[in-house]
Amino acid sequence: MITGIHMIMGTLMTTEPAVLLMQWLSPAYPVGAFAYSHGLEAAVADGTVKTGADLSLWLEDLLTHGGARSDALLLAAAYHADSQAALKDIDATARAFCPSAERLRETALQGEAFCRTTAAIWGEDLSALTYPVALGYAAKQHSIPLDLTQQMYLHAFVSNLISAGQRLLALGQLEGQQRLSALSPLMRETAAATYAGDLALLSGASFAADIASMRHETQYSRIFRS
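What comes next concerns the included structure. (Residues numbered from 1 in each chain as written. Predicted model: local features only at pLDDT ≥ 70, side-chain atom pairs only at ≥ 80, totals over all residues. Heavy atoms only, no water.)

Taken together, the side chains of Phe207, Ile211 and Met214 present a nonpolar region at the surface, about 300 Å² in accessible area. With respect to the helices and strands, the residue Phe207 is situated in helix α11 (residues 207–216). (Patch = residues over 30% accessible without salt bridge, like charges linked within 9 Å, V, L, I, M, F, W, Y side chains within 5 Å. Areas by Shrake-Rupley, 256 points an atom, 1.4 Å probe, with all protein chains shown as cover. Salt bridge = Lys/Arg side-chain N within 4 Å of Asp/Glu carboxyl O. Helix = DSSP H or I, 4+ residues; strand = E, 2+ residues; numbered from the N terminus.)

Structure follows, in structure tokens:
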């Protein structure tokens, strides 16, 4: 299904859903995801995460009880929003749900960058939104299927943290991809469980990750912004 037709320097361009999502969630799309570790850097520094196996467990927790799951739910809620007022309420909830100042900056700055870039390319009327809310809203505007959007967002989320793990741990590229592949079924389960976007189900119990993000705010030596 073709979802968009655009003119760039006189050339007619079409965009299919999966291709558009690949562009939005690519490391080349300027949202600065590479600069954030979602608290992982602090967990490595204090010895909570030491190996690739530890990293897999850390990511499983984020997908089942932490930021990855809540982001998928907020993305779905934004996709289902039936008015700008509802979208603003969802965005306010996303901001209030952040457990630390760094996590708030992480989602707010990436969201602002996504909105700014997407508006410049496709002419969207996007105000500054948190990252999953912005992506959910933009996907709805382009008629991109929600389940595809959620799964690809979660894939990008986990991929980014595995990349961070490769910079922080003795984790090779092959092992990183093996661990990413092994987490794919859990990504699908998380997307399915949050598809309805019911904010009454918004919760978090990934305390180690939340505390790590707080500790990272005052960590003396670091390479990531969160």
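Now that the structure is up, let's keep going.
Unlike most non-glycine residues, His38 shows phi in positive territory, near 60°. Summarising the element assignment, His38 is placed in the loop between α1 (17–24) and α2 (40–45).

This brings us to the pattern of salt bridges. Tallied over the full model, the rule gives five salt bridges. A salt bridge links Glu102 to Arg222, with the nearest nitrogen and oxygen atoms 2.6 Å apart. Placement of the pair is Glu102 in helix α6 (residues 101–122) and Arg222 in the segment after α11, with a sequence separation of 120 residues. Given the relative accessible area of 37%, Arg222 is considered partly exposed. With a closest N to O distance of 3.3 Å, Asp210 and Arg103 form a salt bridge. Note that Asp210 is positioned in helix α11 and Arg103 in helix α6, a separation of 107 residues in sequence. Each of the two residues, Asp210 as well as Arg103, counts as buried. (Buried < 20%, exposed > 50% of the residue type's maximum accessible area, 1.4 Å probe, protein only.)

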